[in-house]
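Read off the chains here:
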Amino acid sequence: MKKKKIAADFLYCVGAVGMMNAVLQLIVYPVINNRVGENEFGNMLFLLGILNILAPSFGQGTANARLVMPERETLKNKEYILTLGIFSIISAVISGIVGAARISTAVGIVMFVYIIVMSIYRMYACVEYRLSLEFKRQFVFYLALSIGYILGLLIFWKSEQWYWVFILGETIAVLYVFLTGNVLRHQSEKTEERFSEVFKSAFVLSASYLLTNILLNLDRFILAYMIDSEAVSQYYVLSLLGKTMAIISGPVNSILIGYITKGNQKIKTKSYLKGVGLLVGFGLLALVACSIVTPIYIKILYEAVVDLNVLVNVAQIFYFLTNVLLVIILTMCEIRWQFVIQVVYAVIFVGSAIVLTAQKGLLGFSIAACISSILYFLLTTIVGFVFAKKNGNRQK
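Here goes a summary of the coordinates provided. Quick caveat, the model's predicted, so the values are computed rather than measured.

Describing the overall build of the protein
At step 1: Broken down by element type, the protein carries 15 helices and 0 strands.
At step 2: Expressed as a percentage of the 396 residues in the protein, the buried residues total 51%.
At step 3: Within the protein, counting contacts between residues at least 6 apart in sequence, those at least 24 apart form 81% of the total.
At step 4: About 18500 Å² of surface is accessible on the protein, with carbon and sulfur atoms providing 68% of the total.

Details of the packing of aromatic side chains
At step 1: If you walk through the whole model with that rule in mind, you get 18 aromatic pairs.
At step 2: Their ring planes at 80° and their centres at 6.1 Å tell us that Trp162 and Phe166 sit as a pair that is edge-to-face. As far as burial versus exposure is concerned, Trp162 and Phe166 are alike and both buried.
At step 3: Above the plane of the ring of Trp157 lies Arg35, whose end atom (NZ or CZ) is 4.0 Å from the centre.
At step 4: Above the plane of the ring of Phe46 lies Arg102, whose end atom (NZ or CZ) is 4.0 Å from the centre.

Digging into the environment of Val117
At step 1: Here Val117 lies in helix H3 (residues 106-125).
At step 2: In this structure, Val117 is in contact with Ser88 and Ala92, ignoring residues within four places of it in sequence.

Focus on the pattern of salt bridges
At step 1: Summed over the entire model, instances satisfying the criterion amount to 3 salt bridges.
At step 2: Linking Glu160 and Arg35 is a salt bridge whose minimum nitrogen-to-oxygen distance equals 3.6 Å. Separated by 125 residues along the polypeptide, Glu160 in the loop between helix H5 (135-159) and helix H6 (163-180) and Arg35 in helix H1 (residues 3-68) bring together distant segments of the chain.
At step 3: You can call Glu160 partly exposed: its relative accessible area is 44%.
At step 4: The partly exposed category is assigned to Arg35, whose relative accessible area is 30%.
At step 5: Between Arg137 and Glu134 there is a salt bridge; the shortest N-O distance is 2.5 Å.

Things to note about the packing of H5 against H6
The axes of two packed helices give the description: the angle between them and the distance between them.
At step 1: Axis separation between H5 and H6 bottoms out at 6 Å; the angle between their running directions is 150°. For the element pair H5 / H6, the angle class is roughly antiparallel. Crossing angle aside, the handedness with which H5 passes H6 is right-handed.
At step 2: In the contact of H5 with H6, the residues fall into 17 nonpolar, 5 polar and 2 charged.

Side note on the nonpolar core
At step 1: Ranked by size, the top nonpolar core spans 70 residues in total, and within it Val28, Ile32, Tyr142, Tyr149, Trp162 and Phe166 carry the most contacts.
At step 2: Going through the elements one at a time, H1, helix H2 (78-102), H3, helix H4 (127-132), H5, H6, helix H7 (195-216) and helix H13 (309-330) are the ones with two or more residues in this core.
At step 3: At 22 residues, the largest contribution of residues to this core is made by H1.
At step 4: Excluding anything up to four places from it in sequence, Phe166 contacts Leu24, Tyr29, Leu48, Ile115, Tyr149 and Thr171.
At step 5: Counting 46 residues, the second largest nonpolar core, distinct from the first, contains Leu238, Leu287, Cys290 and Ala353.

Details of unusual backbone geometry
At step 1: Non-glycine residue Leu133 carries a positive phi angle of around 60°.
At step 2: For Leu133, the location among the structural elements is in the loop between H4 and H5.

Examining the side chain of Ser206
At step 1: Summarising the element assignment, Ser206 is placed in helix H7.
At step 2: Accessibility expressed as a relative area gives 0% for Ser206, which makes it buried.
At step 3: A distance of 2.7 Å separates the side chain of Ser206 from the backbone oxygen of Ala202, its partner in a polar contact.
At step 4: Not counting residues up to four positions away in its chain, the partners in contact with Ser206 are Ser57, Phe58, Gly61, Thr62 and Phe87.

Thoughts on helix H14 (residues 336-360)
At step 1: In a regular helix each residue adds 1.5 Å, so 25 residues correspond to 36 Å; H14 covers 36 Å between its end C-alpha atoms and thus fits that length.
At step 2: Buried residues of H14: Gln338, Ile341, Gln342, Tyr345, Ala346, Phe349, Ala353, Leu356 and Thr357, and no others.
At step 3: Backbone geometry just downstream of H14 places Gly361 in the positive-phi region, at approximately 65°.

Some words on a nonpolar patch on the surface
At step 1: Residues Val340, Val344, Ile348, Ile371, Ile374, Leu375 and Leu378 make up a contiguous nonpolar surface patch of about 500 Å² in total accessible area.
At step 2: The set of elements that each furnish at least two residues to the nonpolar patch consists of H14 and helix H15 (362-394).
At step 3: The biggest single contributor to the nonpolar patch is H15, with 4 residues.
At step 4: Relative to the assigned elements, Leu375 resides in helix H15.
At step 5: Taking the relative accessible area as the measure of exposure, Leu375 reaches 39% and is therefore partly exposed.

Description of the packing of H7 against H14
At step 1: Two numbers describe how H7 lies on H14: the axes approach to 8 Å, and their chain directions differ by 25°. Comparing their axes, H14 and H7 come out roughly parallel. The handedness of the crossing between H7 and H14 comes out as left-handed. When H7 is examined against H14, the residues Val204, Leu205, Ala207, Ser208, Tyr209, Leu211, Thr212 and Leu215 are found in contact with a partner set consisting of Arg336, Gln338, Phe339, Gln342, Val343, Tyr345, Ala346, Phe349 and Val350.

Regarding the environment of Arg66
At step 1: Within the secondary structure layout, Arg66 lies in helix H1.
At step 2: Linking Arg66 and Ala202, residues 136 residues apart in sequence, is a C-alpha distance of 7.8 Å.

Some details on the side chain of Ser201
At step 1: Mapping Ser201 onto the fold places it in helix H7.
At step 2: Looking at Ser201, its side chain comes within polar contact range of the main-chain oxygen of Glu197, at 3.2 Å.
At step 3: Setting aside residues no more than four positions away along its own chain, Ser201 makes contact with Ala65, Met69 and Ile335.

Rules behind the numbers
- Residues numbered from 1 in each chain as written.
- Predicted model: local features only at pLDDT ≥ 70, side-chain atom pairs only at ≥ 80, totals over all residues.
- Heavy atoms only, no water.
- Helix = DSSP H or I, 4+ residues; strand = E, 2+ residues; numbered from the N terminus.
- Buried < 20%, exposed > 50% of the residue type's maximum accessible area, 1.4 Å probe, protein only.
- Contact = heavy atoms within 4.5 Å.
- Areas by Shrake-Rupley, 256 points an atom, 1.4 Å probe, with all protein chains shown as cover.
- Phe/Tyr/Trp six-rings, centres within 6.5 Å; stacked < 30°, edge-to-face > 60°.
- Lys NZ or Arg CZ within 6 Å of the ring centre and 35° of its normal.
- Salt bridge = Lys/Arg side-chain N within 4 Å of Asp/Glu carboxyl O.
- Axes fitted to C-alpha atoms, helices over the stretch in contact; angles between N-to-C directions.
- Parallel < 35°, antiparallel > 145°, perpendicular 65-115°, else oblique.
- Left-handed = near helix turned anticlockwise from the far one by under 90°.
- Nonpolar A, V, L, I, M, F, W, Y, C, P; charged D, E, K, R; others polar.
- Core = buried A, V, L, I, M, F, W, Y, C linked by side-chain atoms within 4.5 Å.
- Polar contact = N/O pair within 3.5 Å; in protein donor to acceptor, adjacent residues only side chain to side chain.
- Expected span 1.5 Å × (residues − 1).
- Patch = residues over 30% accessible without salt bridge, like charges linked within 9 Å, V, L, I, M, F, W, Y side chains within 5 Å.

None of the figures reported here should be taken as evidence of function without further support.
Right, dumping it as structure tokens:
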């Protein structure tokens, strides 16, 4: 395993995700907002929020279940294609119900459902490059996705239907993997006997990610209902720098799970503790940077809440550090542990957030988020340590 290749792969991953986000944030969203107005743009963001919960949960859940499956190299595609089909039906029903409540035309509902389903397949398709460790090809995959968004924007300009942006982007990306890769192609070998095993793993992991993605957006609902919409804006601005770590954690997770699962490598205690130490060190550096930069712009927008800066950034940084750590322990223990950890965190976070927000408002919510994120990290660290120690004992 060459350090130069890992570094190059990391740069390809960061570049790919950065390119896609740049196209969306700097080109697509401003153009759509300017063309359709605040009302319709807000409705689009709500619908994309549903997409951002369902597609990563089922798509990445199935992909990561494949990566950590024993004897993954000998498994065929049929089980995973069937699993994606079931998840797509579930997502189509959910998005159809949501679409019926938020979209005025039947065509619009069908287009929205199509985007959700294709996004699930696109999220799963990334497993092609994690299995082979060909992250340069993954960059081309994201380039195709970004070009698709821009082409869709041209159709949107004529039709004023924002759905076309995502229909073209997601479809082109999936077609690229189908035509140049293997994971989406049907194979004739009979492999149904492994379907129940594959589906169970994918279901548990997807449920875990579903919980994660719901919790990621829960601050908006709790603050909006228990305080007001201004508190939502204040917390969003306070957490903005900390949340940008999500862009970094995605590529890091891709590299980690790709390299760790290649050849079924086992992480032992020393390597695990070294990894945790590096994560904590990176987190502290990020906290210092966020604590210096956040007050500069927060004073311009919401000077009254500048004192919450450290609490909110600690919460965000430890949350995303934990998500990186969860990918590491996914390669060490049974998939169900992911779900167990997420449920414990959910109970702590939701319970403390409701109680403390009712007592102290935005300060209480910030305290709850900070404490629950630190406990989330500690719990994950302990579970990982136990299994790393078991791995070491087995190899003695």
